[in-house]
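# Structural description and commentary
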Amino acid sequence: ELIARACRSGALNPGDVVYMSSVTDPYQPVERRLGLTRTVLEAILDSGVQPRLTIQTRSPLVTRDIGLFERFEKLRVNVTITTDSEDVRRRYEPRCPSIRARIKAAAALSAAGVRIGVSISPMLPVKDAEAFGAMLADLRADEYATQYLKPGRSQFAAGTSAEALRQVREDGWGVCEYRQAREVLARILGDERPLLEGVAGFAPA
């Protein structure tokens, strides 16, 4: 009700940019039980206000809300897919959904007509850049974006932990290796699907 009142009061206007969200995934595991993100989406729709909405997530749970996404005029769901390797995913993102589950979710969104982006951010060590690029191209996303790991400014800001930075040094995944993998992805995606980098990949829907 508070969200709905805020929308009706003019706190949110048509065309405003809404980003869900830069630090905390809006589809945390608890969302399955509480439905807070779904409640926010429903309140925005009920208000009649149509913002430019971008949703950023690693979670396959996002597919639950396809029916709501279809009611937004300007919406993109960015799915974060950081590597092609489950071994790497388990090393750096042990509590996050599998790469296969994220690919499947992105494909389901795209098949439903929901605009998607693929955020390879931060790009973790990649085992087979050629195969990874082909897999990403098959998703036919509106945009693709990469970013190398960067230290977080604080516990409340997006960034890479000191532990992860130590791990990439151990794994020999430096800026040079990132650049080489990025060049392969860019070549496979081609001119029709330009590969963005950094903040350019977080443009509004």
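First, a word on what this report is: a plain description of the structure on this page. (Residues numbered from 1 in each chain as written. Predicted model: local features only at pLDDT ≥ 70, side-chain atom pairs only at ≥ 80, totals over all residues. Heavy atoms only, no water.)

The strand order across the open sheet built from six strands is β1-β2-β3-β4-β5-β6, with neighbouring strands paired in parallel fashion. With partners counted over all chains shown, the strands left at the sheet margins are β1 (17-20) and β6 (195-197), one partner each. Direction aside, the axes of adjacent strands within the sheet are offset by 25 degrees on average. Relative to strand β4 (residues 116-120), strand β3 (residues 74-80) is paired through four bridges, and the arrangement is parallel. Bridge assignment links Asn78 to a residue of β4, and that residue is Gly117. Those strands touched by helix α6 (residues 99-111) are β3 and β4, and its axis lies near 160 degrees from that of β3. Together, β4, β5 (143-146) and β6 form the strand contacts of helix α9 (residues 175-189), whose direction differs from that of β6 by roughly 145 degrees. (Pairing = 2+ DSSP bridges. Helix = DSSP H or I, 4+ residues; strand = E, 2+ residues; numbered from the N terminus. Axes fitted to C-alpha atoms, helices over the stretch in contact; angles between N-to-C directions. Contact = heavy atoms within 4.5 Å.)

Applying the stated rule across the entire model yields one cavity of 30 Å³ or more. When its volume is computed, the largest cavity comes out at roughly 30 Å³. Every residue lining the largest cavity is listed: Asn78, Gly117, Val118, Ser119, Glu143, Tyr144, Ala145 and Gly201. Broken down by secondary-structure element, the contributors of at least two residues to the lining of the largest cavity are β4 and β5. (1 Å grid on protein atoms, 1.4 Å probe; cavity = no way out; pocket = protein on both sides within 12 Å on 5 of 7 lines; lining within 4 Å. Points joined across faces, edges and corners; volume = space filled by probe spheres on them.)

Across the seven residues that make up β3, a large majority, six, are buried. The pairing of strand β2 (residues 52-57) with β3 spans six bridges and is classified as parallel. Note that in β3 the partner of Thr57 across the bridge is Val79. (Buried < 20%, exposed > 50% of the residue type's maximum accessible area, 1.4 Å probe, protein only.)

The end-to-end C-alpha distance of α9, which contains 15 residues, comes to 21 Å, matching closely the 21 Å that a straight helix rising 1.5 Å per residue would cover. Those residues of α9 lying buried are Tyr178, Ala181, Arg182, Val184, Leu185 and Leu189. Here the buried residues of α9 occupy an arc of 160 degrees about the axis, which is enough to place them on one side. α9 presents Glu183 and Arg187 as exposed residues on the side facing more than 90 degrees away from its buried surface. Just past α9, the residue Gly190 takes up positive phi, approximately 75 degrees. (Expected span 1.5 Å × (residues − 1). Arc of directions from axis to C-beta.)

Any two packed helices are characterised by the angle at which their axes cross and by the distance between the axes. Contact geometry of helix α7 (residues 129-137) with α9 gives a least axis separation of 9 Å together with a crossing angle of 40 degrees. Overall, the two elements α7 and α9 adopt an arrangement that is oblique. Pair α7 / α9 crosses with right-handed handedness. On the side of α7, the interface is formed by Ala129, Glu130, Phe132, Gly133, Ala134, Leu136 and Ala137, while α9 contributes Ala181, Val184, Leu185, Arg187, Ile188 and Leu189. Residues that form the contact of α7 with α9 fall into these classes: ten nonpolar, one polar and two charged. (Parallel < 35°, antiparallel > 145°, perpendicular 65-115°, else oblique. Left-handed = near helix turned anticlockwise from the far one by under 90°. Nonpolar A, V, L, I, M, F, W, Y, C, P; charged D, E, K, R; others polar.)

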